[in-house]
Amino acid sequence: MATVLLVEDDHVVRGALLRSLTDRGHTVHAVGTALEALRRFAAETPDLVVLDLGLPDLDGADALRMLRGIADTPIIIATARDDEAEIVRLLKAGADDYMIKPFTSAHLDARMTSVLRRTGRASREEPTAIEVGGLRVDIGQRQAYLHGEPLTLTRKEFDLLAYLAARPGRVVSRRELLEEVWRQPSVGEDQTIDVHLYWLRRKLGESASAPKYLHTVRGVGFRFAAPG
């Protein structure tokens, strides 16, 4: 996806964002100070910077000005400060977007995608069509075909299939599916995924016990793969 410089002094938050963004396919360099950020930024300019304001060695607003003086790399401010005047000041100083904590990793990923697209720096476009072992998923037309025959899928069945098919071989967690496909928090998880997966498997001519494309990784999530 993108190479991201994550600047966050809270090691718990930094670790959580590092894991979630890496799980979503990004290459993430995580640092805890402005000095480390400037060194990393100068050595290897990333596609995007996620910058906290409350850094221990330098205020994030000053770090923003320094980073902006080196390159025009997109910068998203991520902070607990919610003062409107401060937000306007930082946007005028060169920030491309501003997120107020707390926020979900799915929300951050969506903002990153939007900023990269807006600034013309998206490193990889989503595939328009995916073809694997007799299955074709046409993202643009929102239509799936099995051995040349169109499948009748509901909107969410197609969204679920397209999301998994675009990530072949990678285990996708239930939490990620709820956040990215259903756009809802992962807490209070119900049987929504299982019901949609059951009907999707039937239409693909498979089952949980005899999977062809959609494999369950028990206790973790699901993996899309070509028929063996």
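Parameters at a glance
Residues numbered from 1 in each chain as written. Predicted model: local features only at pLDDT ≥ 70, side-chain atom pairs only at ≥ 80, totals over all residues. Heavy atoms only, no water. Axes fitted to C-alpha atoms, helices over the stretch in contact; angles between N-to-C directions. Helix = DSSP H or I, 4+ residues; strand = E, 2+ residues; numbered from the N terminus. Parallel < 35°, antiparallel > 145°, perpendicular 65-115°, else oblique. Contact = heavy atoms within 4.5 Å. Pairing = 2+ DSSP bridges. Buried < 20%, exposed > 50% of the residue type's maximum accessible area, 1.4 Å probe, protein only. Arc of directions from axis to C-beta. Polar contact = N/O pair within 3.5 Å; in protein donor to acceptor, adjacent residues only side chain to side chain. Nonpolar A, V, L, I, M, F, W, Y, C, P; charged D, E, K, R; others polar. Core = buried A, V, L, I, M, F, W, Y, C linked by side-chain atoms within 4.5 Å.

Attention shifts here to the packing of helix H6 (residues 155–165) against helix H8 (residues 192–203). Each pair of packed helices can be described by the angle between their axes along with the distance between the axes. It is the contact of H6 with H8, at a shortest axis distance of 10 Å, that shows an interaxial angle of 80 degrees. With respect to each other, H6 and H8 are oriented roughly perpendicular. Taking contact as the criterion, the partners of Lys-156, Glu-157, Leu-160 and Leu-161 in H6 are, on H8, His-196, Leu-197, Trp-199, Leu-200 and Lys-203.

Here we take up the pairing of strand S12 (residues 221–224). Sheet topology places strand S10 (residues 171–173) next to S12; 3 bridges connect them, and they run antiparallel. Within the sheet, the bridge partner assigned to Val-172 lies in S12 and is Phe-222. Here 4 bridges tie strand S11 (residues 214–217) to S12, and the two strands are oriented antiparallel to one another. When the sheet's bridge partners are listed, Thr-216 is paired in S12 with Phe-222. Between S11 and S12, which pair antiparallel one after the other, the connecting turn spans 3 residues, and Gly-219 there sits at a positive phi close to 80 degrees.

Attention now goes to helix H4 (residues 84–92). Of all the residues in H4, the buried ones are Glu-86, Ile-87 and Leu-90. Buried positions in H4, seen along its axis, are confined to an arc of 100 degrees and lie on one side of it. Along H4, exposed side chains directed more than 90 degrees from the buried face belong to Glu-84, Ala-85 and Lys-92. On its buried face, H4 sits against helix H3 (60–70), strand S4 (75–79) and strand S5 (97–100). The residue sitting at the N-terminus of H4 and contributing the capping side-chain oxygen is Asp-83; that oxygen lies 3.3 Å from the backbone nitrogen of Ala-85. Positive phi appears at Gly-94, one or two residues downstream of H4, with a value of about 125 degrees.

Another aspect to go through is helix H2 (residues 34–43). All of the buried residues along H2 are Ala-34, Ala-37, Leu-38 and Phe-41. Taken end-on, H2 shows its buried residues confined to a sector of 95 degrees, consistent with a single buried face. The exposed set on the far side of H2, more than 90 degrees from its buried face, consists of Arg-39 and Ala-43. Each element contacted by the buried residues of H2 is listed here: strand S1 (3–7), strand S2 (27–31), strand S3 (48–51) and H3.

In this section: the packing of H2 against H3. Put simply, H2 and H3 touch, their axes get as near as 11 Å, and they point 10 degrees apart. As the angle between them shows, H2 and H3 are arranged roughly parallel. Contacts between H2 and H3 involve Ala-34, Leu-38 and Phe-41 from the former and Ala-63, Met-66, Leu-67 and Ile-70 from the latter. Here the contact of H2 with H3 is built from residues that sort into 7 nonpolar, no polar and no charged.

Glancing now at the nonpolar core. In globular proteins that are soluble, nonpolar side chains generally tend to be buried together. One finds Leu-135, Leu-161, Leu-177, Leu-214 and Phe-224 to be the most contacted residues of the largest nonpolar core, which totals 29 residues. Of all the secondary structure elements, the ones that give two or more residues to this core are strand S6 (129–132), strand S7 (135–138), strand S8 (143–146), H6, helix H7 (174–180), H8 and S12. Beyond its immediate sequence surroundings of up to four residues, Leu-177 is in contact with Leu-160, Tyr-163, Leu-164, Val-172, Trp-182, Ile-193 and Phe-222. Ranked by size, the runner-up nonpolar core spans 22 residues in total, among them Leu-5, Val-7, Leu-55 and Ala-63.

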